[in-house]
Amino acid sequence: DAKTTQPNSMESNEEEPVHLPCNHSTISGTDYIHWYRQLPSQGPEYVIHGLTSNVNNRMASLAIAEDRKSSTLILHRATLRDAAVYYCILRDPPGGGADGLTFGKGTHLIIQP
Amino acid sequence: DAGVIQSPRHEVTEMGQEVTLRCKPISGHDYLFWYRQTMMRGLELLIYFNNNVPIDDSGMPEDRFSAKMPNASFSTLKIQPSEPRDSAVYFCASSNWETQYFGPGTRLLVL
């Protein structure tokens, strides 16, 4: 499986944008980039995913580099509730069926009030 | 929808005892996953099912662990006999394709 590299931790201020980077230099042409997050004492939750184009949803935006070797999860206006561990995960194409997620260490996002 | 339901939420047991963790997936989801989270190893996949059939159990640590899915709305993960190193948070997740929905987890402590 292609690997992802994320910073161990990041810190940001409340109500400011947050850019969480992920490097995946060995990504294959059909790997989707998924982001999950895990709030304290909770199970992981889906955030967003994409293939080549930038994606937006109500939670966040995903910016994917043109060569797809890196991506950035963008929280436009962080709140204290966004403090969590964020995981960047590569997955086989949906046509291959679902499979288990391979979690790395993720980025521990700290939000300062 | 109530989401993925796991029980018990907390379990404390003594080494050698049998432990059974339960999961009710989201209705209509065809896939069910069991994960374990520890400080040392992070989140790791143990086993997953598709339409109640085990597809990949390569993550199950050893024969002391077993998982079943007798029907589409229920799954169990059993540890017999339990050992202190099995102490962890066990998550169940379900999906119908791309997105997995996780339960709140069962925190297991084996003394």
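For the structure itself, consult the block above.
(A) Just the pattern of salt bridges, in detail. Using the criterion set out here, one finds twelve salt bridges over all chains in the structure. Residue Glu45 of chain A is joined to Arg37 of chain A by a salt bridge in which the shortest nitrogen-to-oxygen separation is 2.7 Å. With its nearest N and O atoms 3.3 Å apart, the salt bridge here joins Glu62 of chain B to Arg85 of chain B. Residue Glu62 of chain B is located in the loop between strand 6 (53-56) and strand 7 (65-71), and its partner Arg85 of chain B is located in the loop between strand 8 (74-79) and strand 9 (88-95); the two are separated by 23 residues in the primary sequence. Judged by its relative accessible area of 27%, Glu62 of chain B is partly exposed.

(B) The arrangement of the layout of surface pockets in detail. In this structure, the largest pocket spans a volume of roughly 730 Å³. Taken together, 31 residues line the largest pocket, and the ones lying closest to its centre are Gln38 and Tyr87 of chain A together with Gln37, Thr38 and Met39 of chain B. Put simply, the parts of the chain that give the lining of the largest pocket at least two residues each are strand 8 (84-91) and strand 9 (107-112) of chain A together with strand 4 (31-38), strand 5 (42-50), strand 9 and strand 11 (106-110) of chain B. Top contributing element to the lining of the largest pocket by residue count: strand 9 of chain A, with four residues. Residue composition of the lining of the largest pocket, grouped by class: 16 nonpolar, eleven polar and four charged. Counted as a void, the second largest pocket has a volume near 260 Å³. As for the second largest pocket, its lining consists of 16 residues, and the residues nearest its centre are Pro44, Glu45 and Tyr46 of chain A together with Tyr101 and Phe102 of chain B.

(C) Region of interest: the pairing of strand 6 of chain B. Residues and elements named next belong to chain B. As judged from the three bridges shared by strand 5 and strand 6, these two strands associate in the antiparallel manner. In the sheet register, Phe49 faces strand 6, and the bridge partner there is Pro54. Adjacent in sequence and paired antiparallel, strand 5 and strand 6 are bridged by two residues, among which Asn51 carries a positive phi angle near 50°.

(D) Summary view of the interface of chain B and chain A. Counting residues at the interface gives 16 residues for chain B, matched by 18 residues for chain A. A buried area of about 1500 Å², summed over both sides, lies between chain B and chain A, and 55% of it is on carbon and sulfur atoms. Contact with chain A buries surface across chain B, with Leu43, Trp97 and Glu98 of chain B losing the most and accounting together for 39% of the total. Counting every contact that joins chain B to chain A gives zero salt bridges. Between chain B and chain A we count six residue pairs in polar contact (both at pLDDT 80 or more) in total. When contributions to the side of chain B that touches chain A are tallied by element, the ones reaching two or more residues are strand 4, strand 5 and strand 9 of chain B. Per-element accounting of the side of chain B that touches chain A gives the leading share, four residues, to strand 4 of chain B. By residue class, the composition of the side of chain B that touches chain A is ten nonpolar, five polar and one charged.

Rules used throughout
Residues numbered from 1 in each chain as written. Chains lettered and ligands numbered in written order. Predicted model: local features only at pLDDT ≥ 70, side-chain atom pairs only at ≥ 80, totals over all residues. Heavy atoms only, no water. Salt bridge = Lys/Arg side-chain N within 4 Å of Asp/Glu carboxyl O. Helix = DSSP H or I, 4+ residues; strand = E, 2+ residues; numbered from the N terminus. Buried < 20%, exposed > 50% of the residue type's maximum accessible area, 1.4 Å probe, protein only. 1 Å grid on protein atoms, 1.4 Å probe; cavity = no way out; pocket = protein on both sides within 12 Å on 5 of 7 lines; lining within 4 Å. Points joined across faces, edges and corners; volume = space filled by probe spheres on them. Nonpolar A, V, L, I, M, F, W, Y, C, P; charged D, E, K, R; others polar. Pairing = 2+ DSSP bridges. Contact = heavy atoms within 4.5 Å. Buried area = accessible area lost by both parts, 1.4 Å probe. Polar contact = N/O pair within 3.5 Å; in protein donor to acceptor, adjacent residues only side chain to side chain.

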